[in-house]
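Topology and contacts: notes
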Amino acid sequence: MSVLVYIDSSGDKIAKNAYEAVTYGKKLGDVTAVTNGKASEGDLAELGKYGADKVLVDRSFEGIDDQQLTKLVATAAEKTGATTIVFSNDLVGKAVAPRLSVRLNAGLVSGATDLPKEDGTIPVNVFSGKAFGHVKVSTDKKIIALLPNSLQPEETGSEAAVEEFDGNAGDSRVEVLDTKLPEGEIPLPEAELVVSAGRGLKGPENWGIVTDLAETLGAATACSRPVADTGWRPHHEHVGQTGVAIRPNLYIAAGISGAIQHLAGVNGSKVIVVINTDEEAPFFKAADYGVVGDAFEVLPRLNEAIKKFKASN
Amino acid sequence: MKILVCISKAPDTTTKISFTDGDTKFDTNGVKYIVNPYDEWYALVRGLELKEANGGTVTTVTVGTAEDEATIRKALAIGADDAVRIDTDAEDAFQVATEIANFAKTGDYDLILLGKETIDYNGSQVGGMIAEHLDQPFISLASKLDVEGNTATLDKEITGGVQTVKADLPLVVSCAKGMAEQRIPNMRGIMAARSKPLKVEASSSADKLTSFVKYQLPAPKSAVKLIDPENMDELVDLLHNEAKVI
Ligand SMILES: Cc1cc2nc3c(=O)[nH]c(=O)nc-3n(C[C@H](O)[C@H](O)[C@H](O)COP(=O)(O)OP(=O)(O)OC[C@H]3O[C@@H](n4cnc5c(N)ncnc54)[C@H](O)[C@@H]3O)c2cc1C
Ligand SMILES: Nc1ncnc2c1ncn2[C@@H]1O[C@H](COP(=O)(O)O)[C@@H](O)[C@H]1O
């Protein structure tokens with residue numbers, strides 16, 4: 001089966017979720033990857049390691065305009081005869097895959113968490129991670145948008161052939177005036193380790209113990225909604241049902257009660273550590289490891305323990 | 001300015017999720033429905049603010065059955081001028097988007113505003129699909145939207161940051177946090193909503209491309225392992241050797 005995988009190469013380097021999408025595609029068939037912009041030939045050839053035979057790159061335009069990218073992927077799908085098209089369900093994928101579904105009249109499964117089952121249905125997260133659904137696609141052509149961090153990239157091959165190609169992308173009707181990418185911070189949706197805190201921290205002046213631990217770990221920082229709403233922390237750190245949904249490998253939550261709307265954004269995390277003074281806090285039911293104790297003492301102690309661990313490893 | 005706001009219903013955020021009919025259907029027994037928060041707090045309220053500043057109308061559109069009317073009335077109570085319900089069960093994003101696009105083609109809307117996602121199925125699909133049907137730009141995850149004359153300026157979330165973009169109307173915009181502040185309907189609004197027009201349109205029998213055939217609850221978590229707050233070396237050891245995450 002011919003599989004086409006869209007790769008977002010608009011950043012400085014190709015993100016891990018692109019390798020995940022190629023790995024996923026490889027398990028379904030022969031993979032061609034498609035992208036635009038200025039990514040180096042070497043970086044694109046690297047996709048071969050994860051299973052892409054070929055990479056089609058359209059150098060005539062840069063950026064992430066969803067109308068242009070939809071046309072690009074549609075042209076590549078026609079050229080390769082792909083019957084399955086894979087996206088990472090990141091912010092670009094979420095804008096492009098639905099458009100492509102209409103353009104190709106191909107059923108879209110967004111937020112896939114795993115490979116298709118024997119009956120052809122594809123598991124997705126529903127109800128903000130509180131359940132899985134199995135989706136059946138009734139069209140021959142399928143589009144699958146893979147939830148980031150659902151499987152590990154696997155190195156199976158060598159270099160891919162990189163081929164220049166014209167995706168007939170047309171012009172963008174959206175003008176980009178400004179792009180702000182806060183420097184030095186690890187973007188929350190991509191972070192593998194996250195340290196988060198809630199109202200239990202009492203005030204913004206106490207966040208040093210949170211950011212210190214995050215820095216030692218190389219983790220991103222997050223918070224509960226009331227913390228962002230009262231301006232203790234910036235809005236982009238708010239996780240949960242109405243904030244960002246994340247699925248890091250490790251989520252450390254201090255002074256957060258674990259309300260159902262908070263859990264909805266973090267229950268996809270592989271491992272959850274909860275630090276709370278109240279042993280009855282509902283978050284402990286969702287935790288793998290729990291520390292019943294005062295965050296003001298436990299966080300600095302954990303920070304020291306990690307420093308010690310890092311020094312001896 | 002003519003604004004169309006897409007309104008869907010969603011189970012109240014505290015709903016306990018369970019399934020019936022051999023795990024093939026979401027169990028709606030006793031479920032309380034609310035207006036999908038992103039549609040209500042951000043799309044609808046920003047639509048109303050733009051109308052208040054520039055003049056025009058705010059119409060809501062919902063693909064759904066008579067069961068959706070309570071949430072539609074809530075949107076009217078918050079301030080929409082009129083509402084349209086396209087009379088069919090909403091089962092698939094492609095179907096919903098096609099129905100809305102077919103309806104929107106008859107109305108010459110300057111802006112179509114949606115929520116960033118429905119909190120039940122979390123698809124984030126409907127907006128892009130409507131935009132493709134109408135051949136319009138789609139600005140996703142907008143946290144700011146201003147309109148001057150025929151041009152909109154928006155902030156949108158991108159991976160790791162924010163982008164400011166400019167585009168001519170008509171546009172499709174999905175709305176996220178930051179767009180507006182939640183409005184609580186007052187008594188007058190609730191009374192007025194009763195007499196505002198809620199028009200029921202026949203569906204255009206749009207195709208469905210996907211269906212949910214089965215649901216499953218996640219495997220229950222094993223009990224939490226408690227660690228002595230004095231002994232963080234033990235936690236680090238477990239995270240390294242047992243959980244293998246550091
Ligand atoms: C429609 C809707 C959507 C929502 N969406 C979200 C969302 O997306 N994200 C979100 O987070 N919330 C959301 N909420 C709010 C949610 O219901 C909770 O109110 C919120 O998550 C509580 O935040 P918190 O845990 O920080 O604060 P609290 O509930 O006040 O909990 C503070 C916790 O800190 C503990 N504590 C106190 N002192 C210490 C100490 N010294 N050391 C350790 N622990 C301590 C306490 O025991 C307590 O458990 C939403 C609510 C609604 C109605
Ligand atoms: N049945 C529906 N009727 C009207 N609008 C809808 C419907 N379903 C979804 N929408 C809109 O589309 C947005 C995104 O939904 P989704 O693609 O399902 O995550 C929602 O926030 C609503 O604004």
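Residues numbered from 1 in each chain as written. Chains lettered and ligands numbered in written order. Predicted model: local features only at pLDDT ≥ 70, side-chain atom pairs only at ≥ 80, totals over all residues. Heavy atoms only, no water.

**Observations concerning the overall build of chain A**
- When helices and strands are counted, chain A shows 8 helices and 15 strands.
- Here the C-alpha radius of gyration of chain A, 21 Å, is about what a compact globule of 313 residues would show, namely 20 Å.
- Expressed along its principal axes, the backbone C-alpha trace of chain A runs to roughly 60 × 40 × 40 Å.
- Residues classed as buried in chain A amount to 58% of the 313 residues present.
- Within chain A, residue pairs in contact and separated by at least 24 positions form 64% of the contacts whose partners lie at least 6 positions apart.
- A total of about 12,500 Å² of accessible surface is found on chain A, and carbon and sulfur atoms cover 48% of it. (Helix = DSSP H or I, 4+ residues; strand = E, 2+ residues; numbered from the N terminus. Rg over C-alpha atoms; globule rule 2.2 N^0.38 Å. Buried < 20%, exposed > 50% of the residue type's maximum accessible area, 1.4 Å probe, protein only. Contact = heavy atoms within 4.5 Å. Areas by Shrake-Rupley, 256 points an atom, 1.4 Å probe, with all protein chains shown as cover.)

**Thoughts on the site of ligand 1**
- Taken together, 28 residues sit near ligand 1, with R199, S224, S257, Q261 and N276 of chain A positioned nearest.
- The site occupied by ligand 1 is bordered by residues of chains A and B.
- A distance of 3.4 Å is found between a nitrogen atom of ligand 1 and a backbone nitrogen or oxygen belonging to T277 of chain A.
- The separation between a nitrogen atom of ligand 1 and a polar main-chain atom of A295 of chain A is 2.8 Å. (Near = heavy atom within 4 Å. Polar contact = N/O pair within 3.5 Å; in protein donor to acceptor, adjacent residues only side chain to side chain.)

**Considerations on the packing of aromatic side chains**
- Under the defined criterion, the tally for this structure stands at 14 aromatic pairs over all chains.
- Where Y19 of chain A meets Y50 of chain A, the ring centres are 4.3 Å apart and the plane angle is 20 degrees; that geometry is what we call stacked. Pair noted here: Y19 of chain A is in helix 1 (residues 16-26) and Y50 of chain A is in the loop between helix 2 (41-45) and strand 3 (52-58), with a separation of 31 residues, a long-range link.
- A relative accessible area of 16% means that Y19 of chain A is categorised as buried.
- Under the relative-accessibility criterion, Y50 of chain A is labelled buried at 10%.
- A centroid spacing of 6.2 Å and a plane angle of 55 degrees characterise the contact between F127 of chain A and F19 of chain B, whose relative ring orientation is tilted. Placement of F127 of chain A in the loop between strand 6 (122-126) and strand 7 (131-137) and of F19 of chain B in strand 3 (residues 19-20) is noted, with the two residues assigned to different chains.
- For F127 of chain A, a relative accessible area of 3% gives the class buried.
- With relative accessibility at 12%, the residue F19 of chain B sits in the buried group.
- The rings of F127 of chain A together with F19, F26, Y121, F212 and Y215 of chain B are connected pair by pair, giving a single aromatic cluster.
- Above the ring of Y109 of chain B, the side-chain terminus of K2 of chain B is found at 4.8 Å from the ring centroid. (Phe/Tyr/Trp six-rings, centres within 6.5 Å; stacked < 30°, edge-to-face > 60°. Lys NZ or Arg CZ within 6 Å of the ring centre and 35° of its normal.)

**Brief notes about the pattern of salt bridges**
- Overall, the coordinates contain 36 salt bridges over all chains when judged by the stated rule.
- A salt bridge links E192 of chain A to K16 of chain A, with the shortest nitrogen-to-oxygen separation between them at 3.2 Å. Of this pair, E192 of chain A sits in the loop between strand 10 (174-180) and strand 11 (193-197) while K16 of chain A sits in helix 1, and the two are 176 residues apart along the sequence.
- Judged by relative accessible area, which is 27%, K16 of chain A ranks as partly exposed.
- The salt bridge partner of E164 of chain A is R59 of chain A, with a shortest N-O separation of 3.3 Å. With E164 of chain A in strand 9 (residues 161-164) and R59 of chain A in the loop between strand 3 and helix 3 (66-80), this pair connects stretches of sequence that are 105 residues apart.
- For E164 of chain A, a relative accessible area of 52% puts it in the exposed group.
- A residue is classified by how much of its surface remains accessible, and R59 of chain A, at 31% relative accessible area, is partly exposed.
- One salt-bridge network, held together by shared partners, links D66, R99 and R103 of chain A together with E132 of chain B. (Salt bridge = Lys/Arg side-chain N within 4 Å of Asp/Glu carboxyl O.)

**Some details on the domain arrangement of chain A**
Residues and elements named next belong to chain A.
- For chain A, the assigned domains are domain 1 (2-164) and domain 2 (188-311).
- On a C-alpha basis, the centroid separation for the pair domain 1 and domain 2 is 32 Å.
- Domain 1 puts 9 residues into the contact, and the matching count from domain 2 is 9 residues.
- Taking both partners together, domain 1 and domain 2 bury about 770 Å²; carbon and sulfur atoms supply 32% of that area.
- On the domain 1 side of the contact with domain 2, S128, K130 and N149 bury the most area, a combined 60% of that side's loss.
- Taken together, the connections running from domain 1 to domain 2 amount to 1 salt bridge. (Domains from an automatic or database assignment. Buried area = accessible area lost by both parts, 1.4 Å probe.)

**Quick notes on the site of ligand 2**
Residue and element names in this part refer to chain B.
- Close to ligand 2 lie 19 residues; C6, D39, S124, Q125 and V126 are nearest.
- Between ligand 2 and the protein, one listed contact pairs a nitrogen atom with a backbone N or O atom of V63 at 2.9 Å.
- Protein chains bury 93% of the 480 Å² of accessible surface belonging to ligand 2 in isolation.
- Of all the elements in the fold, those that place two or more residues in the shell around ligand 2 are strand 6 (57-64), helix 3 (93-105) and strand 8 (111-115).
- Here the shell around ligand 2 is composed, by residue class, of 9 nonpolar, 8 polar and 2 charged. (Nonpolar A, V, L, I, M, F, W, Y, C, P; charged D, E, K, R; others polar.)

**Here we look at a nonpolar patch on the surface**
Residues and elements named next belong to chain B.
- A surface patch of nonpolar side chains, amounting to about 290 Å² of accessible area, comprises M187, I190 and M191.
- Here M187 lies in helix 5 (residues 187-195).
- Look at M187 and you get exposed, because its relative accessible area is 56%. (Patch = residues over 30% accessible without salt bridge, like charges linked within 9 Å, V, L, I, M, F, W, Y side chains within 5 Å.)

**Here we look at helix 4 (residues 91-104) of chain A**
- The terminal C-alpha atoms of helix 4 of chain A lie 21 Å apart, and with 14 residues this matches the ideal 20 Å at 1.5 Å per residue to within 8%.
- Most of helix 4 of chain A sits inside the fold, with 11 of its 14 residues counted as buried. (Expected span 1.5 Å × (residues − 1).)

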